[in-house]
Amino acid sequence: MGLQLYLVLSGGLWTAGKLEIQMGLLTIPTSDWSDAMFVNSTVKLDFGTIRKLERAQIIALEQTAEYLHTEVVQAQVVPFDKGVLQGEAMAPDYSRSSQGVVSLVHSTPYARRLYFHPEYQFQTKENPHAKGKWFEAWADGGKKSHRIKQAYGRLYKQITGV
């Protein structure tokens, strides 16, 4: 089983403060109706555009995984002997992207052992910053985690044109 770092697409497309859209119905929760003015209104949703925006989320998420892959390689933090762990053995997995999850997966059996043992003395000839737990800087709460969120936002805006 390979080591996986999940990038999870969080939040809902249709929730903003107290305004919620559920099953095509617009509802505005309120606790006091005494000063309310009642009006009839019709809300028409453009489901074609909604589907395009949902598809753009998936594409942006997949491209964000590619961005992370590039970031990790360029940071030179993956232990490097012959380059397998950083090269063909590390790749994005898009099999669950439609559920909002992509993974950056190492397919070698020794990846887990190296990752969870930062006390090992890694060679630094090829990758001067090689270390265990090389994904931690990009994981939630890591010093580079904001870059992932920014990349996703930038890619989504680029895809949708908004």
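Above this text is the structure in question.
The model shown is predicted, which means the values in this text are computed figures rather than measured ones.

J.: Can you walk me through the nonpolar core in this structure?
T.: As a rule of thumb, nonpolar side chains are buried together in soluble globular proteins. Within the largest apolar cluster, 18 residues are counted, with the highest numbers of intra-cluster contacts made by Val 72, Val 77, Val 78, Trp 134, Phe 135 and Trp 138. Those elements giving two or more residues to this core turn out to be α1 (47-75) and α2 (111-115). Among residues more than four places away in sequence, those in contact with Val 78 are Val 72, Leu 85, Gln 86, Met 90, His 106, Asn 127, Ala 130 and Trp 134. Core analysis: the second largest hydrophobic core is formed by 8 residues, Leu 61, Ala 65, Val 102 and Tyr 156 among them.

J.: Whenever I open this one, the pattern of salt bridges confuses me. Can you help?
T.: Any two side chains of opposite charge can pair, so long as their charged atoms come close to each other. Per the counting criterion, the structure on display carries 1 salt bridge. When the shortest N-O distance is used, the salt bridge between Arg 147 and Glu 71 registers 3.0 Å. Pair noted here: Arg 147 is in helix α3 (residues 145-160) and Glu 71 is in helix α1, with a separation of 76 residues, a long-range link. Overall, the relative accessible area of 14% leaves Glu 71 in the buried class.

J.: Would you explain α1 in this entry?
T.: Count 3.6 residues to each turn of an α-helix, and residues three or four apart come out pointing the same way. With 29 residues, α1 extends 42 Å from end C-alpha to end C-alpha; this agrees with the ideal 42 Å at 1.5 Å per step. Just beyond α1, the residue with positive phi is Gln 76, at close to 55 degrees.

J.: Honestly, the pairing of strand β6 (residues 101-106) in this entry has me stumped. Any pointers?
T.: For a regular strand, side-chain orientation follows a simple rule: the groups alternate between the two sheet faces. Where burial is concerned, most of β6 is hidden: 6 out of the 6 residues are buried. The two faces of β6 match: Val 101, Ser 103 and Val 105 on one face and Val 102, Leu 104 and His 106 on the other face are all buried. Relative to β6, strand β5 (residues 90-93) runs antiparallel, the two sharing 4 bridges. By the bridge assignment, Ala 91 is partnered in β6 with Val 105.

J.: Can you walk me through the packing of α1 against α3 in this structure?
T.: Helix-helix packing is characterised by the crossing angle of the two axes and by the distance between the axes. Two elements in contact, α1 and α3, have axes whose closest approach is 8 Å; the angle formed by their N-to-C orientations is 135 degrees. Judged by the inter-axis angle, α1 sits oblique to α3. Along this stretch, α1 crosses α3, giving a crossing that reads as right-handed. Facing α1, whose interface residues are Leu 53, Ala 56, Gln 57, Ile 59, Ala 60, Leu 61, Gln 63, Thr 64, Tyr 67, Leu 68 and Glu 71, α3 presents Arg 147, Ile 148, Ala 151, Tyr 152, Arg 154, Leu 155, Tyr 156, Ile 159 and Thr 160. The residue makeup of the contact of α1 with α3, split by class, is 13 nonpolar, 4 polar and 3 charged.

J.: Even after reading the chapter, I still don't get the environment of Ile 59, so can you show me in this structure?
T.: With respect to the helices and strands, Ile 59 occurs in helix α1. The exposure class assigned to Ile 59 is partly exposed, which follows from its relative accessible area of 25%. For the pair formed by Ile 59 and Ile 159, sequence separation is 100 residues and the distance between their alpha carbons is 8.1 Å.

Thresholds, definitions, all that
- Residues numbered from 1 in each chain as written.
- Predicted model: local features only at pLDDT ≥ 70, side-chain atom pairs only at ≥ 80, totals over all residues.
- Heavy atoms only, no water.
- Core = buried A, V, L, I, M, F, W, Y, C linked by side-chain atoms within 4.5 Å.
- Buried < 20%, exposed > 50% of the residue type's maximum accessible area, 1.4 Å probe, protein only.
- Helix = DSSP H or I, 4+ residues; strand = E, 2+ residues; numbered from the N terminus.
- Contact = heavy atoms within 4.5 Å.
- Salt bridge = Lys/Arg side-chain N within 4 Å of Asp/Glu carboxyl O.
- Expected span 1.5 Å × (residues − 1).
- Pairing = 2+ DSSP bridges.
- Axes fitted to C-alpha atoms, helices over the stretch in contact; angles between N-to-C directions.
- Parallel < 35°, antiparallel > 145°, perpendicular 65-115°, else oblique.
- Left-handed = near helix turned anticlockwise from the far one by under 90°.
- Nonpolar A, V, L, I, M, F, W, Y, C, P; charged D, E, K, R; others polar.

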